[in-house]
Amino acid sequence: MPDKTFYITTPIYYVNDKPHIGHAYTCIAADVLARYHRLKGDDVFFLTGSDENSQKNITAAQTAGYTDMEQYLAIQAAVWQQAWDGLNISNSDFIRTTEERHKKGVYKFFDLVNKKGDIYKGVYKGFYCNGCEAFVTQSDLMEGNLCPIHKKPVETIEEENYFFSASKYRDAVLAHIEKNPDFIQPTSRRKEVVNYIKDHFTDISISRHFKTAKCGIPLPIDPEQAIYVWFDALINYLTGIGYGSESDDFATFWPANIQLVGKDIIKFHCALWPAMLMAAGLPLPEKVFAHGFFTINGDKISKSLGNAIDPVELCLTYGVDTVRYFLLREIRFGEDGDFSFDRLKERYESDLAKGIGNFTSRVLTLAEKVPVKDLEQEESLDDVEVKIMIEEAWKTYASALDSCALDDEIKTVWECISWGDKYIEQNKPWELIKEDPTQFANTMVLLLEVLRHVSAMVYPFMPDTAEKLWRQLDIEAFERTHASEQLIEWLPGTVRNPSKGESLFPPLIS
Ligand code: ME8
């Protein structure tokens, strides 16, 4: 039995449209971390899902001509899960906030907070942005009444609602952030959250009258009111692992190790969410990591600009692993960056076709010349050097992943590939075949061992490529053998029966 658990979440997305590459980016990043922890032998739970109690979904359903909201949501939730399947996202579950199991958990949570005396009735007078599904203050607005994110006028609301005494937890949340430097990552985002809590974190209205809200989970203490979508949505991180239902997963996996979000929703996750958890007497997640935003050729991704790229279509043209690789490699994880097709093609050629593809093909072509199982290798100084190189690479790789530096993780793998390419150039194994068969054997055993390590290292972000490499190296995939530790140990001579298969990254047809 694994002795460590690892629980990772993504935001649950609004399903009023199909996913674009921004949404795919979060899911791919979470998938890399989930797969890496599985590779280490941890017991992993990876949750994603759909945020369905939102007015945006109602508007989209009406525009699409649906009269049956349940039908629309079921279709859309399936579209999103299928997109994740297409991108090889290995989520353990997909939570929908219209599911009964979610509602049960929300009621349990609400009851605890209410019993604590943290819910009260009041009048909300202010602004609401339908795009953000959030109450906003005058200081958030630009040009009088425009939401700064959606650039659309906000609604003015005056309603009797129920409030959550979030301000009661203000100092405790600030103290938690101060005491746990890892709680908000990257560190550059911490100040923004701390300033927000200090200047703007007040009690928050957590319900809306059904007359205006149109959808949502009825408030248990007043069924004429719907629970505010963010209060409801954040609880998915608990209900998705069985909170409120009969399941051991909640006890096993909460608190989450990493909650991955985009920078747009960091305040909800680092201010409101911790206050809610404190009110319910539950421990806080270990880390909330907010990554940056992708633009497309410099523009914000948006439906109105018509520039949203469908990640599933992108995979059909370039391959799943190319898309996964490119999104993660192109921008520093945590910062903003631009998506461009020219850069995608450049990276395909230089890093994939000429990088890992070419290295694999060179090693396997040479290995096929003399059956490796017939070779007798002896230990040489080079063995020790390359062993140290690989061990150091694994350390850098692990520390990059432990700090969510996903682009650094990838760079480490490419350093091993460059090392291998140089080693081939320096040792000229094609000449050694006749001149020095023992040295040829040593060289090949070593190169095959480097390639074996590369295959394990690429697994989290390019799982299909890893599978192809394992087939070519004649290694049982670790998921079948459960011998994952062996994949990261230095075991020269393990590869006995390699064969060159299909090219990993053939030239693009453009
Ligand atoms: O906010 N670049 O859902 P949402 C990178 N339902 N990531 C992007 C992106 C971009 N251009 N655009 C979107 C919601 N994202 C709520 C969340 S959670 C309890 C409730 C990703 O459909 C990023 O992860 O608007 C961002 O935080 C998320 O999609 C917003 O998705």
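Please refer to the structure placed before this passage.
Predicted model, so just to flag it, every value in this text is computed and none were measured. (Residues numbered from 1 in each chain as written. Predicted model: local features only at pLDDT ≥ 70, side-chain atom pairs only at ≥ 80, totals over all residues. Heavy atoms only, no water.)

### Comments concerning the overall build of the chain
Stated precisely, the cut-off is as follows: Each helix corresponds to a stretch of at least 4 residues labelled H or I by DSSP, and each strand to a stretch of at least 2 residues labelled E; elements are numbered beginning at the N terminus. The reference for a compact globule is 2.2 Å times residues^0.38; the radius of gyration itself is calculated from the C-alpha atoms. Burial status follows relative accessibility: with a 1.4 Å probe on protein chains alone, a residue under 20% of its type maximum counts as buried, one over 50% as exposed, and anything between as partly exposed. Residues are treated as being in contact if the distance between any of their heavy atoms lies within 4.5 Å. Methods summary: accessible areas were calculated by the Shrake-Rupley approach with a probe of 1.4 Å, and residue burial reflects only the protein chains presented. None of His or the chain ends enter the tally, which takes Lys and Arg as positive and Asp and Glu as negative. In plain terms, the charge of a residue is placed at NZ if it is Lys, CZ if Arg, CG if Asp and CD if Glu.
Secondary structure summary: the chain contains 21 helices and 16 strands in total. Computed over C-alpha atoms, the radius of gyration of the chain comes to 26 Å, within 12% of the 24 Å expected from 2.2 N^0.38 for 510 residues, which places it in the range of a compact globule. With 510 residues in all, the chain has 56% of them scored as buried. Of the contacts made within the chain by residues no fewer than 6 positions apart, 77% connect residues no fewer than 24 positions apart. Surface accessibility of the chain: about 22000 Å² in total, with carbon and sulfur atoms responsible for 50%. Each charge class in the chain was averaged separately, 54 positive and 77 negative side chains, and the resulting centres sit 4 Å apart.

### Quick notes on the sheet that holds strand 6 (residues 155–164)
Cut-off, in case you're wondering: At least two bridges found by DSSP between two strands is the condition for calling them paired.
The sheet built from four strands is open, its strands ordered 5-4-6-8 with antiparallel pairing. Every interior strand has two partners, whereas the edge strands, strand 5 (134–136) and strand 8 (204–205), have only one. Where strand 4 (residues 119–129) meets strand 5, three bridges bridge the pair, whose relative direction is antiparallel. Its bridge partner lying in strand 5, Y128 is registered against F135.

### A short note on unusual backbone geometry
The amide bond that connects Q185 to the next residue, P186, takes the cis arrangement and shows omega of -10°. Inspection of the secondary structure assignment puts P186 in the loop between strand 7 (184–185) and helix 6 (190–200). In this structure, the amide linkage connecting W254 to the following residue, P255, adopts the cis form with an omega of 5°. Position of P255 among the secondary structure elements: in the loop between helix 10 (249–253) and strand 12 (258–262). Here E133, not a glycine, exhibits a phi torsion of approximately 50°, which is positive. When you line up the elements, E133 lands in the loop between strand 4 and strand 5. A residue is classified by how much of its surface remains accessible, and E133, at 1% relative accessible area, is buried. Here K151, not a glycine, exhibits a phi torsion of approximately 55°, which is positive. Along the chain, K151 turns up in the loop between strand 5 and strand 6.

### With respect to the site of the ligand
Cut-off, in case you're wondering: The near set for a molecule or strand comprises every residue that places at least one heavy atom within 4 Å of it. We call two N or O atoms a polar contact when they sit within 3.5 Å, provided that within protein one can donate a hydrogen and the other can accept it, with sequence-adjacent residues counted only if both atoms are side-chain atoms. Residue type decides the class: Asp, Glu, Lys and Arg count as charged, Ala, Val, Leu, Ile, Met, Phe, Trp, Tyr, Cys and Pro as nonpolar, and the leftover types, Gly among them, as polar.
For the ligand, the set of nearby residues contains 23 residues, the closest of which are I12, T26, D51, D264 and F294. At a separation of 3.2 Å, a nitrogen atom of the ligand approaches a polar backbone atom of G22. The fraction of the free accessible surface of the ligand (680 Å²) that becomes covered by protein chains is 93%. Residue assignment for the shell around the ligand shows that the elements contributing at least two residues are strand 1 (5–14), helix 1 (21–39), helix 8 (229–234) and helix 9 (236–239). In terms of residue count, the dominant contributor to the shell around the ligand is strand 1 (four residues). Among the residues forming the shell around the ligand, the class breakdown is twelve nonpolar, nine polar and two charged.

### A short note on the environment of V370
By the element assignment, V370 lies in the loop between helix 14 (341–369) and helix 15 (381–402). Distance from V370 to P437, taken between C-alpha atoms, is 9.7 Å for residues 67 residues apart in sequence.

### Details of the side chain of R189
Cut-off, in case you're wondering: Here, a salt bridge means any side-chain nitrogen of Lys or Arg that lies within 4 Å of a carboxyl oxygen of Asp or Glu.
Of note, R189 is situated in the loop between strand 7 and helix 6. For R189, which is buried and forms no salt bridge, the nearest opposite charge comes from E192, at a distance of 4.4 Å.

### Considering the pairing of strand 4
As judged from the ten bridges shared by strand 4 and strand 6, these two strands associate in the antiparallel manner. Residue pairing across strands places V123 opposite E160, the latter belonging to strand 6. Adjacent in sequence and paired antiparallel, strand 4 and strand 5 are bridged by four residues, among which E133 carries a positive phi angle near 50°.

### A few points about the pattern of salt bridges
Pairs can form between side chains of opposite charge once their charged atoms are near each other. Scanning all chains against the criterion turns up 25 salt bridges. Note that D31 is salt-bridged to R35, the shortest N-O span being 2.8 Å. With D31 and R35 both in helix 1 and four residues apart, the pair spans about one turn of that helix. For D31, a relative accessible area of 0% puts it in the buried group. Of the charged contacts in the structure, one is a salt bridge between D171 and R170, with a shortest N-O distance of 3.4 Å. Ionic contacts of the salt-bridge type, sharing partners, join the residues E330, R343, E346, R347 and D351 into one network.

### Some thoughts on the packing of aromatic side chains
Going by this rule: Classification of ring pairs uses Phe, Tyr and Trp, with its six-membered ring standing for Trp, and accepts pairs whose centres are within 6.5 Å; under 30 degrees between planes counts as stacked, over 60 as edge-to-face, and the remaining range as tilted. Note on criteria: charge over ring means Lys NZ or Arg CZ within 6 Å of the ring centre, with the direction from the centre no more than 35 degrees off the ring normal.
Enumeration over the complete set of coordinates arrives at 34 aromatic pairs. Geometrically, the ring pair formed by W80 and W84 is edge-to-face, given 5.9 Å between the ring centres and 80° between the ring planes. Note that W80 and W84 are positioned in helix 3 (residues 69–86) at a spacing of four residues, about one turn of the helix. Plain terms: the ring middles of Y318 and F341 are 6.4 Å apart, the flat faces sit at 35° to each other, and that makes the pair tilted. Taken together, the residues span a long stretch of sequence, with Y318 in helix 12 (residues 311–318) and F341 in helix 14 at a distance of 23 residues. Joined through ring pairs, the aromatic side chains of Y7, F45, Y237, F253, W254 and W273 make up one cluster. For the cation-ring pair, K108 lies above Y243, with the distance from its terminal atom to the ring centre recorded as 4.7 Å.

### Digging into the layout of surface pockets
To find leftover empty space, a probe the size of one water molecule is rolled over the atoms. We count it as follows: A pocket here means an open set of points on a 1 Å grid, computed over the protein atoms alone, that has protein on both sides within 12 Å along at least five of seven lines. A cavity is instead a set of points where a 1.4 Å probe fits but cannot get out; residues with an atom within 4 Å of a point line either one. Grid points are joined across faces, edges and corners, and a volume is the space filled by probe spheres set on the points.
In this structure, the second largest pocket occupies an estimated 240 Å³ of space. Elements represented by at least two residues in the lining of the second largest pocket include exactly strand 1 and helix 15. Split by residue class, the lining of the second largest pocket holds three nonpolar, three polar and seven charged.

### Observations regarding helix 14
Stated formally: Take the residue count of a helix, subtract one, and multiply by 1.5 Å to get its expected span. In this scheme, the bend at a residue equals the angle between the axes fitted to the seven residues that finish there and the seven that begin there.
Spanning 29 residues, helix 14 covers 39 Å between terminal C-alpha atoms, matching the ideal 42 Å at 1.5 Å per step. The sharpest bend along helix 14 comes to roughly 35°, located at N358.

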